[in-house]
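Observations on the three-dimensional arrangement
So the chains spell out like this:
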Amino acid sequence: MTRIVNQFSKWLGAIDWDAFWGNVISIGIRIAILVVLYFIIKYAGRKIIRSFFKKYRANQAVSNGRADTLEGLTNNVFGYVLFFTFAILILQNFMNVTAIIAGAGVMSLAIAFGAQGLVSDVVTGFFILLERQLDVGDSITIDAVNGIVENLGLRTTQVRDFDGTLHFIPNRQIMIVSNHSRGNMRVLVDVAVSPTADTEKAMRIINDVCQAMKEHNKNIVETPVVLGVESSDGANMIIRVVGKAVNGEQLNVKRDLLKEIRTALIAGGIELPLPTVVTTPQTT
Amino acid sequence: MTRIVNQFSKWLGAIDWDAFWGNVISIGIRIAILVVLYFIIKYAGRKIIRSFFKKYRANQAVSNGRADTLEGLTNNVFGYVLFFTFAILILQNFMNVTAIIAGAGVMSLAIAFGAQGLVSDVVTGFFILLERQLDVGDSITIDAVNGIVENLGLRTTQVRDFDGTLHFIPNRQIMIVSNHSRGNMRVLVDVAVSPTADTEKAMRIINDVCQAMKEHNKNIVETPVVLGVESSDGANMIIRVVGKAVNGEQLNVKRDLLKEIRTALIAGGIELPLPTVVTTPQTT
Amino acid sequence: MTRIVNQFSKWLGAIDWDAFWGNVISIGIRIAILVVLYFIIKYAGRKIIRSFFKKYRANQAVSNGRADTLEGLTNNVFGYVLFFTFAILILQNFMNVTAIIAGAGVMSLAIAFGAQGLVSDVVTGFFILLERQLDVGDSITIDAVNGIVENLGLRTTQVRDFDGTLHFIPNRQIMIVSNHSRGNMRVLVDVAVSPTADTEKAMRIINDVCQAMKEHNKNIVETPVVLGVESSDGANMIIRVVGKAVNGEQLNVKRDLLKEIRTALIAGGIELPLPTVVTTPQTT
Amino acid sequence: MTRIVNQFSKWLGAIDWDAFWGNVISIGIRIAILVVLYFIIKYAGRKIIRSFFKKYRANQAVSNGRADTLEGLTNNVFGYVLFFTFAILILQNFMNVTAIIAGAGVMSLAIAFGAQGLVSDVVTGFFILLERQLDVGDSITIDAVNGIVENLGLRTTQVRDFDGTLHFIPNRQIMIVSNHSRGNMRVLVDVAVSPTADTEKAMRIINDVCQAMKEHNKNIVETPVVLGVESSDGANMIIRVVGKAVNGEQLNVKRDLLKEIRTALIAGGIELPLPTVVTTPQTT
Amino acid sequence: MTRIVNQFSKWLGAIDWDAFWGNVISIGIRIAILVVLYFIIKYAGRKIIRSFFKKYRANQAVSNGRADTLEGLTNNVFGYVLFFTFAILILQNFMNVTAIIAGAGVMSLAIAFGAQGLVSDVVTGFFILLERQLDVGDSITIDAVNGIVENLGLRTTQVRDFDGTLHFIPNRQIMIVSNHSRGNMRVLVDVAVSPTADTEKAMRIINDVCQAMKEHNKNIVETPVVLGVESSDGANMIIRVVGKAVNGEQLNVKRDLLKEIRTALIAGGIELPLPTVVTTPQTT
Amino acid sequence: MTRIVNQFSKWLGAIDWDAFWGNVISIGIRIAILVVLYFIIKYAGRKIIRSFFKKYRANQAVSNGRADTLEGLTNNVFGYVLFFTFAILILQNFMNVTAIIAGAGVMSLAIAFGAQGLVSDVVTGFFILLERQLDVGDSITIDAVNGIVENLGLRTTQVRDFDGTLHFIPNRQIMIVSNHSRGNMRVLVDVAVSPTADTEKAMRIINDVCQAMKEHNKNIVETPVVLGVESSDGANMIIRVVGKAVNGEQLNVKRDLLKEIRTALIAGGIELPLPTVVTTPQTT
Amino acid sequence: MTRIVNQFSKWLGAIDWDAFWGNVISIGIRIAILVVLYFIIKYAGRKIIRSFFKKYRANQAVSNGRADTLEGLTNNVFGYVLFFTFAILILQNFMNVTAIIAGAGVMSLAIAFGAQGLVSDVVTGFFILLERQLDVGDSITIDAVNGIVENLGLRTTQVRDFDGTLHFIPNRQIMIVSNHSRGNMRVLVDVAVSPTADTEKAMRIINDVCQAMKEHNKNIVETPVVLGVESSDGANMIIRVVGKAVNGEQLNVKRDLLKEIRTALIAGGIELPLPTVVTTPQTT
């Protein structure tokens, strides 16, 4: 038992308490100053960025989406740079951060392996911005995610799904970007009529509807035309109609076209497809 | 045989028994002190963290979910740091841990390879927190997992499935986070009526129901409206209705809407879709 | 021919036979001692571990599953450490193991590549234990494997399938752990009635059954309630009921609920869904 | 408190403010000059490239698509080289960029890992150009993307989908390029007649239609011929017809052929396939 | 022409023919001796292993499967060690094998990359043996392979499929081992009756059959019991029965149970499920 | 402001304009000479290759496909070697290419990572040629691509699809090559008759048809024979016939056989399979 | 202009034309000699190998397949070794091949990455041979490829598909080898009868057929027996029969058994399964 006490008192006696507490206080003060500085710079920075982009939008002829993208990204980059600068400054009080980052031991190697994902994120994000693949407000599809871009960050892109969900996609996950907000969109309607219907007449009626619609719907960029009989079997004959609409309006144009054609075909006496048997797979 | 004995006694004689036992006892004492210290610090630390977050929640305007997230993570980080600090201190009595970690031989390489998953976990977890992708209590989808976030740790995120299962997801497995608790959610109802029904009248009835519902249901943020005829075949005509509801209430609003529209359509004399043939695949 | 003999006798003559046999015997003795020691220590160690965990279970308030997990793991770790320590001690008599492990040639590199799977196993296993993701006896799902945990080892986890199969899963294969033994479980019943049935009355009957059942079945934690009409088509109207049950009893509660609701609905005169056509795909 | 003031004033006093501000101004001037230069060179470069390709197109016998591809790529490469040259020149004022790029620490390794995707993009893009796999305006299929090439860049290829979507494909994602704009395309029509129809007569009629069509449709490169009965069951007999059309016209030729053959078969008294039962899977 | 002759004779003249032929003969002799030695040692070794395992099986209480596994593996390891030892000894006569293996040039690197699969095989195989995941004769499932283990080698495991095919699986391909030969197996029978049948009576009949069967079939370890109504729709009501049987007998027990229950239900007047429509997809 | 001017004039003054312009001119001249040389050598090389292969084809007994393959490849290799030789010679005027290629910094590492795909392409392409897996004109399947080989290059293989599309496949993507142009091909016909038909008689008729066909169709290498009843259900009995045809003619032989057998069976009074219900999945 | 001429003549003047041409001729001669030597050795080697294997087959008791495998491989290895030896000898005249292979710059690294596939091929091929997983003539399944082994090379294995296609499989692609030519094969017949048939009688009839067949068909190794009722539904009752046949004859035995059992059942008055509705999915 005396052994334990000896050992312990030897340990305690070996500590220079004055230096210890002096050190603790000195480090505490330095950290406090750094934290205060961090919040001051952060607040000032955000303010400057906001006012800058206000002028940028007012003076120059940049699209709104682009300005939002750049403001979001500037905030994002500014926040990360500030955060990591002060994080390293504070950590420097406890350990030699530079040595770890520049070292070549196991830990450094593990960090390098682990951090490559992060670097990939930043590199990819950088090129997505530079090549203007995305702007805030664009309707896009990335992999299985589908929605409106809300924010383009250095590391993640935020996409708001049409059902309200917010997706966070690490930039390195973004391989093929399919941007639905770049130019006019196709309107494709497959009209089904009975296989015994008068094909020529049906095509004429459909073309008339398209022509009429083009005149009073300014969202139609290219008048839809009948391409021909796409396929035909015992129950249906499919007639394909293709046109172009203003970006974002293609679904509305399609719905209107579908309704108008249907009405016109019925009025013109063209038989619709044969009745179908509906099957529902069921499990209790 | 004498050879064996000689060999053996030579081995035994070569050991300095005094130093050996002295060493054993000295190491034992040091380990005992470390273990006691570990439990004291752990207990004190947990207490301090709890009281700190109690004040934090009382004083400041942080959301509850965020506070839970931060408290959970602080506990988690504190626990890991403490555990590994003392584990290394104790192991130091047996082998040169620093040398192994900083070394460059086969074992170090193997460790680096093996540990990169761990580093990826921590890096990803860190950014998930920093970018506020998740808060405790959020309803999320990660890959095939679907549920409520219970805990966000340095290495794993715990998600409680809606059926009660608890999923442990290593952070590096978290690629695309789909957060369903960020803003209003869409309500989409596809109403099926008979293809021979009066489309205009049906749409009018549905729109009336939506209007009426909006007035006495404050969970509806955006009045649902009829978009138009989505599709039509020999057995069904689908009319699509879209609106917005308060986050978390979208399913209830949808169910109510479905019931009300059905009742109104029947009352209004709109025929429902044709009866269907139900098929059940069977295996004995 | 003389050349062959010369060559051969030159080789034989170059060997110092005395030293050779002396060496062989000396190594043999050393190995014999090591093997005996190995079995002694193994036997003693197992005994100590068993008696320790006996006391541990008796004295302290640890769950049985946790104690089983720890005892299994302690045995597993002890066995591996002992085995590899003696394996290296024995191999040291034939080659310089340390040099190979610490070397940097082709073989070392190949070993490092090959062994990284092993390191991943141990690292993952360690964190699964530390984070209490699994206990022996838990019902879990890992990837496509489904069953009761039988043993949690340093390198592999053993899961007993419900059909009796024993699965050995290397720990590194364990990504998302879905633990079904942590808290109450949901009971979800989808009741199918005829689309022409009286919805309000059906819901009332179902709610009464749920209420009655809650009173005499103490495995129900949260009384099941009708959520509403989930969907409806020409053959079925689905009414969803959701409640909560004690962990492990959810399937029994569901079966009882299903039977009771069926009986009550028939008694209440609610029509069941339309008869279905059963289709069986056949191959001879 | 005095301690903090002391510490702080010590820090402030240690800074050589003259040198600091001199440095700041000097760097500011250098950056301003670089930025101005960047925009001048960029403007001039674009102008030179445009005028060069104008002459190139006028004087020489290069296809339009190839000229577009080369102009787009030259602009792209010029933009990247300029951007990175000036980015490095500007960054050089703040840190030693060369050292980081040439270094061998953790950060360099992480960069190397992260940047390999970029290098793969450039290498692949380079060979796609060199081997003329794509030209601007070609109709192509890459993986699941299908459309017209709009731009071939050093890092990404832009493909305009037929529905108007713009796809950005990183070049390294481009594995197998399927180019539909290189030579004549096959026209394949599967004609379905009743299994009880007179096969020989049907084939004769179809061959006559093909022959007649070839004469007045100059998009047909190779007269379609009947290959024979492809398959036959209780409801259909399939007769396959194969020919060749000018690139881009194969679908129109197919539609015309389908219509003409149908008309001729009906006129010739060949029975069409038996009526079919149409099944529609339905979900409400 | 004289140039060629000069060049050639210069080459020939530069060769020391005596040393060349001496070298060739000397190497030839050495290789011959090594080959003879190889076959002698191989023959002796196999004999010793066989006689050792004969005694091992006679004296000790090891299961037959385990003894087969160990004998197969010992032969396998002995064969590989012998083969590679002599292969290196023979190759040493032509090139410096050690230098290549220990080197760090391109070839070594390529070998290390290529050989990592081999190392993974051996490491995994080693642990499969140590953890007794497989024994010769076990019925197992590995990935998509299903059968009886025939041999467990250092590099490959041989599994005999139930249809007679022999699968060779490299050990590194073995991830999750599902061993069907470790303990009793579940017997699960889903009995289908008409949805209009008397449920209570049917359950009673089934339970009686199970009870009766348990008495005269000693392969049943746990009497099968009715769990309840699993599901119910317009054509079937499924009643689930679960019990346990001796390992390997579960399928026979299931078949017997199915036949007995069927007979009893028919005798008891319980209606069987409604007749089904069988559909056969057909292609000619 | 004066500061900026000073700075700027200092920069300008520091440049030795004479040396600068001299350098620019000198480099320009060297590049011009290299470009001219490049085109001369390229033109000459192509000519030599063409004339060489003309003789090669005339004089020797090599298959046409092989000669095409070799000529294409020689052109391809010659083009690449020439291009890169001159590219490096030209780039040497601007930077130290050798140093970059041989260096070991971040950029080199990134290049090595990025270029490994290229090396894999060349290595694989080399072995495909050496092992004669493909010849120009062969009908092959690689992964999902199906067609005729048009060109076999050092880096990519070009395959012309049967519908006219040209596929560019990087050689490293070529794993399993399935070559359909190496030897005779099987002809397999599954004849469907009614399950109530006279099996023996049907088989006899089919065998007679096969025998007769063999006599006047020299594309049949091995007379087709009836293997037996492959399967049988309520609607069809399938009789399998297998033979062999000259490579490339198997589909024609199959079509002829199918037609002849059908005619013979009808003539022989064998009932065909029962009429089928045709189902068409439909979406509007 | 004079500048260009100067520059050019300076370059030309700097070349020692004598040494240049001398070098060219000397290298040409050396290459010519090497090429001639290559063809001589290749011819001689092939001859020696052929004669050796002729004797090998005559004298010793090795299976034909094994001898084919070894002869093919010896030719393959001999060809590769010869080819690469001379390729390196010839290339040595132009560049320092050894330096490149042993170097550590970017190119070496790229080669190492690119060549690892090659090394994997050889290593895997080597073990496939050593472990006798394949012999020429074996019927095997590797991944999705199915056929008869034609050749086993150092780098690729050639498999002839049953339809005549020749597959080239790189050895590294060979993971699980399923060899169908190692021992007797199972014969499994599922006999379908009407659910209303007399089960006991049907089983008796089937067993009698099996017994009778065993007697006069020597390809049956194990008499097929009825296992019992495998499953039963409204349209079919499946009775499973299992036996064993000589390797390669299992399909013929199965076809015969199917025919005999069918005949016997009809003769015995057992009803066959109910008629089925055949559905054919159709697209025009």
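These numbers come from a predicted model, not from an experiment.

1. Notes on the pattern of salt bridges
Within the structure shown, the criterion is met by 70 salt bridges over all chains. With its nearest N and O atoms 3.1 Å apart, the salt bridge here joins R66 of chain F to D135 of chain F. Separated by 69 residues along the polypeptide, R66 of chain F in helix α3 (residues 64-91) and D135 of chain F in the loop between α5 (106-130) and β1 (139-142) bring together distant segments of the chain. Accessibility assignment for this pair places R66 of chain F and D135 of chain F in one class, buried. Connected through shared salt-bridge partners, D121, R155 and R172 of chain A together with E131 of chain B make up one network.

2. Observations regarding the sheet that holds strand β6 (residues 185-193) of chain D
Residues and elements named next belong to chain D. One open sheet holds the three strands; their spatial order is β6-β8-β7, and the pairing between them is antiparallel. The open sheet is flanked by β6 and β7 (220-232), the only strands paired with a single partner. Within this sheet the neighbouring strands show an average axis-to-axis angle of 20°, counted without direction. Pairing of β7 with strand β8 (residues 237-245), which is carried by eight bridges, proceeds in the antiparallel orientation. If you follow V229 over to β8, its bridge partner there is I239.

3. Quick notes on the pairing of strand β3 (residues 156-161) of chain F
In the case of a regular strand, side chains alternate between the two sheet surfaces. Residues and elements named next belong to chain F. By the criterion of burial, β3 is predominantly enclosed, with five of the six residues buried. Of the pairings in the sheet, the one linking strand β2 (residues 145-152) to β3 comprises five bridges and is antiparallel in character. For G147, the partnering residue across the bridge sits in β3 and is D161. Hairpin geometry of β2 and β3 is characterised by an intervening segment of three residues between the two adjacent antiparallel strands. For β3 and strand β4 (residues 166-170), the ladder comprises five bridges, and the chain directions are antiparallel. Looking at the pairing, T157 lines up with I169 of β4. Between β3 and β4, which pair antiparallel in sequence order, lie four residues; one of them, G164, sits at a positive phi of approximately 105°.

4. A look at helix α7 (residues 250-267) of chain C
With 18 residues, α7 of chain C extends 26 Å between its outermost C-alpha atoms, agreeing within 8% with the 26 Å of an ideal straight helix rising 1.5 Å per residue. For α7 of chain C, every residue scored as buried is listed here: Q250, V253, R255, L257, L258, I261 and L265 of chain C. In this fold, the buried residues of α7 of chain C make contact with β6 (185-193), α6 (199-216), β7 (220-232) and β8 (237-245) of chain C together with β7 (220-232) of chain E. Directly after α7 of chain C, the chain includes G269 of chain C, whose backbone phi takes a positive value near 80°.

5. Topic: the sheet that holds strand β6 (residues 185-193) of chain B
Residue and element names in this part refer to chain B. One open sheet holds the three strands; their spatial order is β6-β8-β7, and the pairing between them is antiparallel. Two strands in the sheet have a free side with no partner beyond their single neighbour: β6 and β7 (220-232). Between one strand axis and the next, the sheet turns by 20° as a mean value, whatever way the strands run. Pairing geometry for β6 and strand β8 (residues 237-245), over nine bridges, is antiparallel.

6. Some details on the domain arrangement of chain A
According to the domain assignment, chain A contains domain 1 (9-100), domain 2 (116-179) and domain 3 (185-267). Placing the centre of domain 2 of chain A and that of domain 3 of chain A at their C-alpha centroids yields a distance of 35 Å.

7. With respect to the side chain of Q158 of chain A
Residues and elements named next belong to chain A. Mapped onto the elements, Q158 comes out in strand β3 (residues 156-161). For Q158, a relative accessible area of 18% translates into the label buried. Not counting residues up to four positions away in its chain, the partners in contact with Q158 are I148, V149, E150, N151, L166, H167 and F168.

8. Brief notes about the packing of helix α2 (residues 17-59) of chain F against α3 of chain F
Residue and element names in this part refer to chain F. α3 packs onto α2 with a crossing angle of 165° between their chain directions and a minimal axis gap of 10 Å. Taken together, the axes of α2 and α3 lie roughly antiparallel to each other. For the element pair α2 and α3, the recorded crossing hand is right-handed. Taken together, the residues that form the contact of α2 with α3 break down as 17 nonpolar, five polar and six charged.

Conventions and cut-offs
- Residues numbered from 1 in each chain as written.
- Chains lettered and ligands numbered in written order.
- Predicted model: local features only at pLDDT ≥ 70, side-chain atom pairs only at ≥ 80, totals over all residues.
- Heavy atoms only, no water.
- Salt bridge = Lys/Arg side-chain N within 4 Å of Asp/Glu carboxyl O.
- Helix = DSSP H or I, 4+ residues; strand = E, 2+ residues; numbered from the N terminus.
- Buried < 20%, exposed > 50% of the residue type's maximum accessible area, 1.4 Å probe, protein only.
- Pairing = 2+ DSSP bridges.
- Axes fitted to C-alpha atoms, helices over the stretch in contact; angles between N-to-C directions.
- Expected span 1.5 Å × (residues − 1).
- Contact = heavy atoms within 4.5 Å.
- Domains from an automatic or database assignment.
- Parallel < 35°, antiparallel > 145°, perpendicular 65-115°, else oblique.
- Left-handed = near helix turned anticlockwise from the far one by under 90°.
- Nonpolar A, V, L, I, M, F, W, Y, C, P; charged D, E, K, R; others polar.

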